Amino acid sequence: MSKAYVFTRNGGPEVEALVDQDTPAPGPGELLVAVRAAGVNPVDWKLRTGYTRPGSVPQPFPTVFGSEAAGVVEATGPGVEGFAVGDEVFGNPVTGGYAEHTLLPVAVTAHKPASLPFADAAVLPVAAATAYDGVRQLGLAPGSALLVTGAGGGVGSAAVQLAHHAGVQVIGVASAAKKEFVESLGAVHVESGTGLAERVRAAAPGGIDAVFDLAGGDTLREAASLLADPARLISAGDKPLVAELGGAPVERARTAAVLDAVAALVVAGVLRTHVTRTHPLTAAGEALRAVEDGHALGKTVIEVIA
């Protein structure tokens with residue numbers, strides 16, 4: 001048996017529970033992994049409320065939370081090559097990451113560099129990889145100006161760092177409480193809230209060349225108004241609205257090659273994961289609340305004791 005944090009039906013926090021379940025068996029192309037750490041993301045609680053990812057089908061209840069995890073391979077499924085029992089890995093689980101054991105498909109799993117802690121590796125498959133894909137999608141030239149909304153969160157903080165490293169001028173939108181953090185990433189901080197467009201114009205008098213949105217809603221609408229070309233607008237925060245505004249969602253690659261690339265950037269010191277909160281699996285609900293309230297700084301991680 002293996003412990004896992006699940007939601008038993010769609011709803012609020014009242015449908016969450018820590019349960020014992022059968023340890024999953026790896027199928028073709030899958031790895032059974034003893035989880036050491038799992039990243040916590042907004043999509044986790046959104047799925048609990050009934051949100052369904054485009055192109056996917058609802059999972060049967062109980063559903064284990066978690067879209068990214070790192071751990072140690074305990075068994076390999078048929079046809080697996082390049083991985084062995086004892087390997088330290090990270091990736092996107094198919095059976096949820098808030099658990100003592102999960103299944104990782106090799107197509108979206110990478111070997112964890114020895115110098116990279118499990119907690120840092122666990123936050124790369126969703127947040128850092130989304131940022132990496134989005135910055136590559138925009139293809140900004142050095143010296144151009146990028147506006148990142150939600151710059152104090154997991155994806156936003158990674159996007160700021162990657163763009164700044166590429167020589168791009170970054171304006172990061174976040175709450176006043178996150179000003180010091182956003183500036184430490186290499187961005188010019190602009191406070192979120194009503195009147196955003198005016199504040200951005202003052203911070204970037206030369207104009208904005210592109211927008212990487214992670215907030216959605218009214219923030220996305222104001223950010224879009226700053227662009228001459230709506231095609232330079234991408235969002236991972238509000239896909240329906242960004243399409244309405246003439247932009248596009250972030251195009252996710254979801255490959256092991258991207259995971260290798262972001263891990264190498266962390267090891268090289270280019271990208272900092274900014275894991276700011278860790279919780280044991282027994283306090284997974286507390287970790288989820290920290291992200292669900294919308295004010296989390298950096299990344300929140302659930303650690304599983306070996």
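This one's a predicted model, so the numbers in the text were calculated from it and none came from an experiment.

Let's hear about the packing of helix 3 (residues 124–138) against helix 4 (residues 154–165): which residues, and what values?
Where helix 3 meets helix 4, the closest approach of the two axes is 8 Å, and the angle between their N-to-C directions is 45°. It follows that helix 3 is oblique to helix 4 by the angle criterion. In terms of crossing hand, the pair formed by helix 3 and helix 4 is right-handed. In this structure, helix 3 uses Ala127, Ala128, Thr130, Ala131, Tyr132 and Val135 to contact helix 4, whose residues at the interface are Gly154, Val155, Ala158, Ala159, Leu162 and Ala163. A breakdown of the residues in the contact of helix 3 with helix 4 according to their chemical character gives ten nonpolar, two polar and no charged.

Which residues make up unusual backbone geometry, and what values do they have?
Cis geometry is adopted by the peptide bond preceding proline 62, which originates at phenylalanine 61 and carries an omega value of -5°. Structurally, proline 62 is set in the loop between helix 1 (42–49) and strand 4 (63–64). One non-glycine residue with positive phi stands out, namely arginine 254, at about 50°. Tracing the chain through its elements places arginine 254 in the loop between strand 14 (248–249) and helix 9 (256–267). The phi dihedral of histidine 274 falls on the positive side, at around 55°, and the residue is not glycine.

I'd like to hear about the packing of aromatic side chains, residue by residue, with values.
In the structure shown here, the tally under the stated rule is four aromatic pairs. An aromatic cluster is defined as three or more aromatic residues linked by ring pairs; in this entry it consists of Tyr5, Phe7, Phe61, Phe65 and Tyr98. Lying across the ring of phenylalanine 118, lysine 112 places its NZ or CZ 4.7 Å from the centre.

Tell me about helix 6 (residues 196–203), and please be specific about residues and values.
Each α-helix winds once per 3.6 residues, and so residues spaced three or four apart point in a common direction. For helix 6, the complete set of buried residues consists of Leu196, Ala197 and Val200. Viewed end-on, helix 6 has its buried residues packed into an arc of 95°, placing them on one side of the element. Summarising the geometry of helix 6, the exposed residues directed more than 90 degrees from the buried face are Glu198 and Ala202. Looking at the buried residues of helix 6, the elements they touch are strand 9 (145–149), strand 10 (169–174), strand 11 (188–191) and helix 7 (217–224).

For the pairing of strand 3 (residues 30–40), give the residues involved together with the corresponding values.
The element strand 3 is extensively covered by neighbouring structure, given that ten of its eleven residues are classed as buried. Alignment of strand 3 against strand 7 (residues 101–105), held across five bridges, turns out to be antiparallel. In the strand pairing of strand 7, leucine 31 is matched with leucine 104. As defined by bridge partners, strand 3 adjoins strand 5 (residues 69–76) across seven bridges and the pair is classed as antiparallel. Within strand 5, the residue paired with leucine 31 across the bridge is threonine 76.

So, the sheet that holds strand 11: which residues are in play, and what are the values?
The six strands lie next to each other as 11-10-9-12-13-14, forming an open sheet whose pairing is parallel. Each end of this open sheet is capped by a strand with a single partner; those strands are strand 11 and strand 14. In this structure, strand 9 lies alongside strand 10, joined through five bridges in parallel fashion. Looking at the pairing, leucine 146 lines up with valine 170 of strand 10. Taken strand by strand, helix 6 contacts strand 9, strand 10 and strand 11, and its axis lies near 155° from that of strand 11.

The rules behind the values
- Along each chain, the written sequence defines residue order, and numbers are assigned to residues from 1.
- Local features in this predicted model are restricted to residues whose pLDDT is 70 or higher, and side-chain atom pairs enter the listing and the counts only when it is 80 or higher, whereas totals over whole chains, interfaces and linings include all residues.
- Hydrogens and waters are ignored; side-chain quantities use all the structure's heavy atoms.
- Every axis corresponds to a line fitted to the C-alpha atoms, with the helix fit spanning only the stretch in contact, and the corresponding angles, defined between N-to-C directions, vary from 0 to 180 degrees.
- What counts as a helix is a DSSP run of H or I of at least four residues, what counts as a strand is a run of E of at least two, and both are numbered from the N terminus.
- Should an angle fall under 35 degrees it is called roughly parallel, over 145 degrees roughly antiparallel, and 65 to 115 degrees roughly perpendicular, with every other angle called oblique.
- Whether a crossing is left-handed or right-handed is set by the direction in which the near helix is turned from the far one by less than a right angle, anticlockwise for left-handed and clockwise for right-handed.
- Contacts are residue-level and defined by heavy atoms, with any inter-residue pair within 4.5 Å sufficient.
- Note on residue classes: Ala, Val, Leu, Ile, Met, Phe, Trp, Tyr, Cys and Pro are nonpolar, Asp, Glu, Lys and Arg are charged, and everything else, Gly too, is polar.
- Centres within 6.5 Å make a pair out of two Phe, Tyr or Trp rings, where for Trp the six-membered ring is used; the pair is then stacked when the planes are under 30 degrees apart, edge-to-face when over 60, and tilted otherwise.
- Here, over-ring charges are defined by two tests on the NZ atom of lysine or the CZ atom of arginine: distance to the ring centre within 6 Å, and angle to the ring normal within 35 degrees.
- Summary of the burial criterion: residues with accessible area below 20% of their type's maximum are buried, those above 50% are exposed, and those between are partly exposed, where the area comes from a 1.4 Å probe applied to protein chains only.
- This arc is built from the directions going out from the helix axis to the C-beta atoms.
- When DSSP locates at least two bridges between a pair of strands, those strands are taken to pair.

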